[in-house]
Each structure stands twice: as C-alpha cells, then as structure tokens.
Amino acid sequence: MSFTLAIVGRPNVGKSTLFNRLVGRRLALVDDQPGVTRDLREGEARLGDIEFTVIDTAGLEDANDDSLPGRMRRLTERAVEMADVCLFVVDARTGITATDEVFADILRRSSAQVLLAANKAEGRAAEAGIAEAWGLGLGEPLPLSAEHGEGMTDLYSALLPIS
Ligand code: GDP
Ligand code: MG
C-alpha cells in the first residue's frame, strides 16, 4: 500500500531540502495555481524499497509577518488532511521556538499520525536541540540531516510500519 507523507514545520528548518532529497530531483518551487494549492508541492519519493507521495508545505517563506500565522495554520491543516502521516520538522541547531510550539499544538489537536524530526542534526551543535525536541510531547525525535543525508535509515524504519 502506498501512502502520503506531509512535511510540515516553520520556515527554514529544512523541509524543502528533505523533500528534494526524498524526491531525488528538484521541482519548481511554485506552479501557477493560486493560494494554498500553489503552496503545497507534491512529489513521488523513494526511501530504500518504500515508495510514497511526499508533500512539502512551501510558500511560507515569502509571506509577510502579519499573514504568516494564518498561512502556517491553513497550510498545515490542509497538508494534514491530505496526508496519512505528517513529518514535523524542527531545527536542532536553533532549538525549539515559540513557532514550533504552535505547530506542535496544531498537530497534537489533529488526528494525524505524526513523526517528529530534528533536522540539521549533523555535529555536536545539534545535541541540545535534539534533547529539547522531546519536550514537544510528540514522541522521540528522529535526528536527521537533510543536507548531508544522515538519519535516512532511521526515517526508513519509522515509515516501514506505515507502508
Ligand atoms: P524550509 O524553509 O523549511 O523549506 O527550509 P529549506 O529546505 O529551504 O532550508 C533552509 C536552510 O537550512 C537552507 O540554507 C538549507 O541549506 C539549510 N539546511 C537544510 N537542511 C540542513 C541540514 O541538514 N543541516 C544544515 N546545517 N543545514 C540545513
Ligand atoms: Mg521550503
């Protein structure tokens, strides 16, 4: 059975880098469709022998500050609706922020199955952030480095029961 994974989280945590790694080729950032549809990118992903559809919640980075909270909520809720499982990404280098807490709250209130990833986990600068991510109440954080391709085996193991 195939499934859909949505990558969610605040801007700049590495969602698109992870999307590109999973999809294995670069896709256009946006297409011509307006609104929320334009801000969700879909691709066919492969991890080991698992194939699945992956959704990147793009389109937050260019929002102005006033519209950002609403856009984050709408995009995330839309992605949750479309997905079988959400991969909530935080930045292990900066640690948990107030905005991360907002996302965690949205996800805890939804019926979505949630996996937590602490990205940018390469090197020691990430250790405190990984520990902090436990405090989100979403289970064990998976340390990943989307940029360096680290943690993909653990992500595979986490997705295997869903596939
Ligand atoms: P998004 O806004 O969540 O989609 O984040 P992006 O994928 O655009 O990445 C934001 C920034 O983080 C870029 O400069 C990336 O190169 C960087 N980045 C992404 N993944 C990693 C990682 O695993 N380690 C480090 N150190 N930087 C990363
Ligand atoms: Mg992005």
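I will try to describe carefully the structure that is included in this document. (Residues numbered from 1 in each chain as written. Chains lettered and ligands numbered in written order. Predicted model: local features only at pLDDT ≥ 70, side-chain atom pairs only at ≥ 80, totals over all residues.)

### Examining the site of ligand 1
Thought 1: The immediate surroundings of ligand 1 are formed by 15 residues, with Gly14, Lys15, Ser16, Thr17 and Glu147 found nearest.
Thought 2: When residues in the shell around ligand 1 are grouped by element, the largest group, three residues, is from helix 1 (residues 15-23).
Thought 3: Among the residues making up the shell around ligand 1, the classes are represented as three nonpolar, seven polar and five charged. (Near = placed C-beta within 6 Å. Helix = DSSP H or I, 4+ residues; strand = E, 2+ residues; numbered from the N terminus. Nonpolar A, V, L, I, M, F, W, Y, C, P; charged D, E, K, R; others polar.)

### A closer look at the sheet that holds strand 3 (residues 50-57)
Thought 1: The six strands lie next to each other as 2-3-1-4-5-6, forming an open sheet whose pairing is mixed. In this open sheet, the two strands that pair with only one neighbour each are strand 2 (40-47) and strand 6 (142-143).
Thought 2: Direction of pairing for strand 5 (residues 113-119) relative to strand 6: parallel, over a ladder of two bridges. Following the sheet pairing, Ala117 is matched in strand 6 by Leu142.
Thought 3: Helix-sheet contacts for helix 4 (residues 98-109) involve strand 1 (4-8), strand 4 (85-91) and strand 5, and the interaxial angle to strand 4 is about 165 degrees. (Pairing = 2+ DSSP bridges. Contact = placed C-beta atoms within 7 Å. Axes fitted to C-alpha atoms, helices over the stretch in contact; angles between N-to-C directions.)

### Details of unusual backbone geometry
Across the chain, the bulk of peptide bonds are trans and the bulk of non-glycine residues have phi less than zero.
Thought 1: For Asn12, which is not glycine, the phi dihedral falls at a positive 80 degrees.
Thought 2: In this structure, Asn12 sits in the loop between strand 1 and helix 1.

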